[in-house]
Amino acid sequence: MKFALVVNLSKERAIKYAKRISLFLLDKNAEIAMIEECSQYFKGIHIHYSKNITELFEYCDMAITVGGDGTIIHAAKYAAKADKQLIGVNVGRLGFAADVEPHEYEQLERLITGDYTTEERILLDVEVIKEDGSKHYLAVNDAVVARGQLSKTIDLHLSLDDDEISKYRADGLLFATPTGSTAYSLSAGGPILAPKMECILMTPVCPHSLFSRSVLFSGESELSVHVKIPEECCCVLTIDGEKNVPVLATDRVVIRKSDLKLKLALLHNRNFYKLLNEKLKERDF
């Protein structure tokens, strides 16, 4: 069995446990693959190296991330496009999406024997339509249409299935998957959703109204946003906190459920709400 290891190389602890996982799975007659930039950290270990992450996911049977939620979110897009299952080993702070803690890494042997379950999560297809064409982006957690740095408050027009339903004066509008409901959306005052739900959560960011609240839309909905931008200001679309796309007043941003799904391999049958309470308590300081 071929495992792709996606490692957060900025964390020494992630590199340390990735080495342990590699040696452990190699001892179980599995094959380990990584991207080429990992090679300097794993000398002396028999690893197949791919030129880039797209090639890595095409090569593997399943992927293991070693890092925090950010590492999982980054890898999830490639896993979904390649239709490969993904499991996370948490060496970050919270690890909402990770299923395995570092001290449990030997349980990864169960991936070889088939002793695990699979959970599917929806993703968002975010399309930016400009005057000269359009481009699609895949979001695991969220897509945020917001004012740029140092800009004034903006006016956002929200449509559902081509019918305008609301106007917001706010810093932005945040569209989240159920998976992303425990991320930025939670900090913005949005509700927590069970991750297996199929719906789109919209949360206004710093709205200038006491009556602007989160709205939950059907997974079959098509939402679109266009923005009235004050002079000398700018607007940006941010995908999962890692991809920024400038948005003009003439642009339209369309948000819908993607045809692709994230498939998470699970070794534990944990109660989501119990786990959530434990993780949120860890956040308090």
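Reading the values: the criteria
- Residues numbered from 1 in each chain as written.
- Predicted model: local features only at pLDDT ≥ 70, side-chain atom pairs only at ≥ 80, totals over all residues.
- Heavy atoms only, no water.
- Pairing = 2+ DSSP bridges.
- Helix = DSSP H or I, 4+ residues; strand = E, 2+ residues; numbered from the N terminus.
- Axes fitted to C-alpha atoms, helices over the stretch in contact; angles between N-to-C directions.
- Phe/Tyr/Trp six-rings, centres within 6.5 Å; stacked < 30°, edge-to-face > 60°.
- Buried < 20%, exposed > 50% of the residue type's maximum accessible area, 1.4 Å probe, protein only.
- Lys NZ or Arg CZ within 6 Å of the ring centre and 35° of its normal.
- Polar contact = N/O pair within 3.5 Å; in protein donor to acceptor, adjacent residues only side chain to side chain.

So, about the sheet that holds strand β12 (residues 199–205). Strand order in the open sheet made by the six strands is β13-β12-β11-β8-β15-β16, with antiparallel pairing throughout. Edge positions in the sheet fall to β13 (215–218) and β16 (243–247), since each of these pairs with one other strand and no more. Direction aside, the axes of adjacent strands within the sheet are offset by 20° on average. In this structure, strand β15 (residues 235–239) lies alongside β16, joined through five bridges in antiparallel fashion. Of the residues in β16, the one forming a bridge with valine 236 is proline 246.

Under the definition given, this model contains three aromatic pairs. With a centroid separation of 5.9 Å and an interplanar angle of 90°, the aromatic rings of phenylalanine 24 and tyrosine 105 are classed as edge-to-face. Taken together, the residues span a long stretch of sequence, with phenylalanine 24 in helix α1 (residues 12–27) and tyrosine 105 in the loop between β5 (85–90) and α4 (110–113) at a distance of 81 residues. With a centroid separation of 6.3 Å and an interplanar angle of 25°, the aromatic rings of phenylalanine 57 and tyrosine 78 are classed as stacked. Of this pair, phenylalanine 57 sits in helix α2 (residues 53–59) while tyrosine 78 sits in helix α3 (residues 69–82), and the two are 21 residues apart along the sequence. Overall, the relative accessible area of 24% leaves tyrosine 78 in the partly exposed class. These aromatic residues form a ring-pair network of at least three members: Tyr17, Phe24 and Tyr105. Here the basic side chain of lysine 2 rests over the ring of tyrosine 59, its NZ or CZ set 4.4 Å away from the ring centre. Looking at arginine 20, its charged tip hangs above the ring of tyrosine 17, at a distance of 4.9 Å from the centre.

Along the chain, the position of asparagine 90 falls in strand β5. One polar contact links asparagine 90 to glutamate 101, side chain to side chain, over a distance of 3.5 Å.

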